[in-house]
There are 2 protein chains.
Amino acid sequence: VRELLAQLPHESILYFGDTARVPYGSKSPETVRRYAREASDFLVSRDVKMVVFACNTATAHAFASVRDTLPVPSTGVIEPGARAAVEASRGKRVGVIGTAGTIASGAYDLAVRRLLPDARVYAQPCPLFVPLVEEGHVDTEPARLIAETYLHPLKEQDVDVLILGCTHYPLLRAMIARIMGPSVTLVDSAHETVRDVARILTEQNLLAGGTSKPAYQFIVSDSPLRFREIGGRFVDIIGEVEKVDVEGYNRAA
Amino acid sequence: VRELLAQLPHESILYFGDTARVPYGSKSPETVRRYAREASDFLVSRDVKMVVFACNTATAHAFASVRDTLPVPSTGVIEPGARAAVEASRGKRVGVIGTAGTIASGAYDLAVRRLLPDARVYAQPCPLFVPLVEEGHVDTEPARLIAETYLHPLKEQDVDVLILGCTHYPLLRAMIARIMGPSVTLVDSAHETVRDVARILTEQNLLAGGTSKPAYQFIVSDSPLRFREIGGRFVDIIGEVEKVDVEGYNRAA
């Protein structure tokens, strides 16, 4: 969302957060696939012109199977992130951190090596990073100790690029950068993903004109209270927050 | 479950874990209530003779409203835990730790002061304890640092009893005991809860006879794989695990 605001300031945004069922990071591929399908169907029912899977775990497990069922264009965050990493890498030694689900899926490995077949990809799940960020532990001593343990094997492998493969991780960027050292470029997929969005909207003649006044809607599946608190750490445009139950959405539709 | 096996070895157990939607700890009261109602209705549909809310957050938000809608007897973990704490307390200074939801509900405060009106209850949410336990951080340096921060205000208040108000916390018992010191009695509700179960089953003439061979069934809402791994840290009787989708269960029924 922050990157959309920066690169495409005229676009309206309808954001859905599945707060009644998160985190997705440790859930099975089938369950995440069902949740992502329900969320996409819900967004489509609200007449969006494009769907962005702005979650690495949902992209890893669900994008390939859900994208073709949608009547509007869509993009995920993994291919753009892999592209950014390949562009930034000189030594072709790419590290990637993410949730247990994203890492187990092998989606980044596949995406990186599709672009750069002789790249070496070193992947490390960091399951405690999401709860740490949500509890405000972005640069505390326990967060540092946990991060050092997670990142140690990637330092040992001498990666030259590290993909922050989860939307929460950019909030840990300063700490991760200090641990990895100045020779490692940190990559997050937000910038590249929104470049993709801009390209797709342009190609399909769907780009909002410079005179349109954008609207921002935030919708969650659980109570808006906690969402407002945590979401406020990422962007400051959250106004009214609506609650919608999307369970079994596609089955009911 | 461990305590049921110890105190009521002839009883069969049907365990349901809502792994597709956990954790409950940071979710809203309404959402947890809906989930608890779906889970209870599902268990009743499988012909259980009694329902135990073996989760503090579900008990705190949902037990009072769901219990009366069930056609079988039920019990939660908060009243038994409060009773055990009151029995163990000499100084009437009771500490309680739990999820954000359990603590915000004030359920332990209410339950303790109903039994001992002049007790002082000091409550502290420990939202990182569940993810730490699930990631195997039961006595590591970062877990200790986080626990010291959480427990510091309770030590300052000089509590003489500390209720472990979440079913994951007994796995952190040794660490918590060391931090609180030998003058603080740690209480978990499992033992008292199963004493309640035994009393209710006896009163209603529902107790399994000494000749019955107990059966154990484990049912989850997400893939059994991760459940088997984490559940194995608590008990060693987990055999076959069945997956059931209980979303919207009571609406469909």
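Note that this is a predicted model, so its numbers are computed, not measured.

Thresholds applied
- Residues numbered from 1 in each chain as written.
- Chains lettered and ligands numbered in written order.
- Predicted model: local features only at pLDDT ≥ 70, side-chain atom pairs only at ≥ 80, totals over all residues.
- Heavy atoms only, no water.
- Salt bridge = Lys/Arg side-chain N within 4 Å of Asp/Glu carboxyl O.
- Helix = DSSP H or I, 4+ residues; strand = E, 2+ residues; numbered from the N terminus.
- Buried < 20%, exposed > 50% of the residue type's maximum accessible area, 1.4 Å probe, protein only.
- Pairing = 2+ DSSP bridges.
- Least-squares fit on C-alpha atoms with pLDDT ≥ 70 in both.
- Contact = heavy atoms within 4.5 Å.
- Buried area = accessible area lost by both parts, 1.4 Å probe.
- Polar contact = N/O pair within 3.5 Å; in protein donor to acceptor, adjacent residues only side chain to side chain.
- Nonpolar A, V, L, I, M, F, W, Y, C, P; charged D, E, K, R; others polar.
- Axes fitted to C-alpha atoms, helices over the stretch in contact; angles between N-to-C directions.
- pLDDT = per-residue confidence, 0-100.
- Phe/Tyr/Trp six-rings, centres within 6.5 Å; stacked < 30°, edge-to-face > 60°.
- Lys NZ or Arg CZ within 6 Å of the ring centre and 35° of its normal.

A. Fine view of the pattern of salt bridges. Scanning all chains against the criterion turns up 44 salt bridges over all chains. Residue A:Glu247 pairs with B:Arg21 through a salt bridge whose shortest N-O separation is 3.0 Å. Here A:Glu247 is found in the loop between β9 (241-243) and α12 (249-252), whereas its partner B:Arg21 is found in the loop between β1 (13-17) and α2 (29-45) on a different chain. One exposure class covers both A:Glu247 and B:Arg21, and it is buried. Ionic contacts of the salt-bridge type, sharing partners, join the residues A:Asp18, A:Arg21, A:Arg34, A:Glu38, B:Asp245 and B:Glu247 into one network.

B. Quick peek at the pairing of strand β4 (residues 93-98) of chain B. Residues and elements named next belong to chain B. Across the six residues of β4, five count as buried, placing the element largely inside the fold. Pairing between β4 and strand β5 (residues 120-125): six bridges, direction parallel. Across the sheet, glycine 95 pairs through a bridge with tyrosine 122, a residue of β5. Relative to strand β6 (residues 161-164), β4 is paired through four bridges, and the arrangement is parallel. Looking at β6, one finds that glycine 95 is bridged to leucine 162.

C. Region of interest: the relation of the copies chain B and chain A. When chain B is brought onto chain A, the operation consists of a screw motion whose angular component is 180 degrees and whose axial shift is 0.0 Å, with 0.0 Å RMSD remaining. Here the transformation between the copies is reduced to the relation of a two-fold axis. In this assembly, 100% of the residues forming the interface of chain B have copies in chain A that are likewise at the interface, indicating an isologous arrangement.

D. Local environment of the interface of chain B and chain A. Of the residues lining the interface, 32 residues belong to chain B; the matching set on chain A comes to 32 residues. Here chain B packs against chain A, burying approximately 2,300 Å² in sum over the two surfaces, 52% of which is carbon and sulfur. Counting the surface chain B buries against chain A, the share from its top three residues, B:Leu128, B:Asp222 and B:Glu247, is 21%. Along the contact surface separating chain B from chain A lie six salt bridges. Among the ionic pairs, A:Arg34 bridges to B:Glu247, the shortest N-O distance being 3.1 Å. Linking chain B with chain A are 12 residue pairs in polar contact (both at pLDDT 80 or more), by the criterion used here. Of all the secondary structure elements, the ones that give two or more residues to the side of chain B that touches chain A are α2, α7 (129-134) and α8 (141-156) of chain B. Residue composition of the side of chain B that touches chain A, grouped by class: 11 nonpolar, eight polar and 13 charged.

E. Up close: the sheet that holds strand β5 (residues 120-125) of chain A. Residues and elements named next belong to chain A. Taken in spatial order, the four strands make up an open sheet running β5-β4-β6-β7, and their pairing is parallel. Edge positions in the sheet fall to β5 and β7 (185-187), since each of these pairs with one other strand and no more. On average, each strand axis in the sheet is inclined to that of its neighbour by 20 degrees, with strand direction left out of account. Of the strands in this sheet, β4 (93-98), β5 and β6 (161-165) touch helix α8 (residues 141-156), which is tilted by about 170 degrees from β5.

F. Local environment of the sheet that holds β6(B). All names here are of chain B. Spatial strand order, β5-β4-β6-β7: four strands in an open sheet with parallel pairing. Edge positions in the sheet fall to β5 and β7 (185-187), since each has one partner strand and no second. Here the average twist between neighbouring strands, direction ignored, is 25 degrees.

G. Quick look at the confidence of the model for chain A. Overall, the prediction assigns chain A a mean pLDDT of 95, with 98% of residues at 70 or greater. Two numbers describe this predicted complex: its pTM, 0.94, and its ipTM, 0.93.

H. The arrangement of the packing of aromatic side chains in detail. Residues and elements named next belong to chain A. Summed over the entire model, instances satisfying the criterion amount to 16 aromatic pairs over all chains. Relative to tyrosine 169, the ring of phenylalanine 129 has its centre 5.2 Å away and its plane inclined at 85 degrees; by these criteria the two rings are edge-to-face. You can see phenylalanine 129 sitting in helix α7 (residues 129-134) and its partner tyrosine 169 sitting in the loop between β6 and α9 (173-180), a full 40 residues away along the chain. Tyrosine 169 carries the same exposure label as phenylalanine 129, and that label is buried. A connected cluster of aromatic rings, assembled from ring pairs, spans Tyr15, Phe218 and Phe227. When the ring centre of tyrosine 35 is taken as origin, the NZ or CZ atom of arginine 21, which lies over that ring, is 3.7 Å away.

I. Here's a closer look at the environment of B:Glu247. What makes B:Glu247 buried here is its relative accessible area of 10%. A distance of 3.0 Å separates a polar atom in the side chain of B:Glu247 from a polar atom in the side chain of A:Arg21.

J. Main features of the environment of A:Phe227. Residues and elements named next belong to chain A. Relative to the assigned elements, phenylalanine 227 resides in helix α11 (residues 224-231). Residues phenylalanine 227 and threonine 19 lie 208 residues apart in sequence; the distance between their C-alpha atoms is 7.4 Å. Not counting chain neighbours up to four residues away, the residues in contact with phenylalanine 227 comprise Tyr15, Thr19, Phe218, Val220, Gly232, Ile238 and Val241.

K. Seen up close, unusual backbone geometry. Residues and elements named next belong to chain A. The residue after valine 22, namely proline 23, is reached through a cis peptide bond having omega -5 degrees. By secondary structure assignment, the location of proline 23 is in the loop between β1 (13-17) and α2 (29-45). Residues other than glycine seldom take positive phi values, yet lysine 92 does so here, at roughly 60 degrees. Structurally, lysine 92 is set in the loop between α4 (78-88) and β4. Relative accessible area serves as the criterion here: at 32%, lysine 92 is assigned to the partly exposed category. Unusually for a residue other than glycine, asparagine 205 sits at a positive phi of about 60 degrees. With respect to the secondary-structure elements, asparagine 205 resides in the loop between α10 (190-203) and β8 (216-220).

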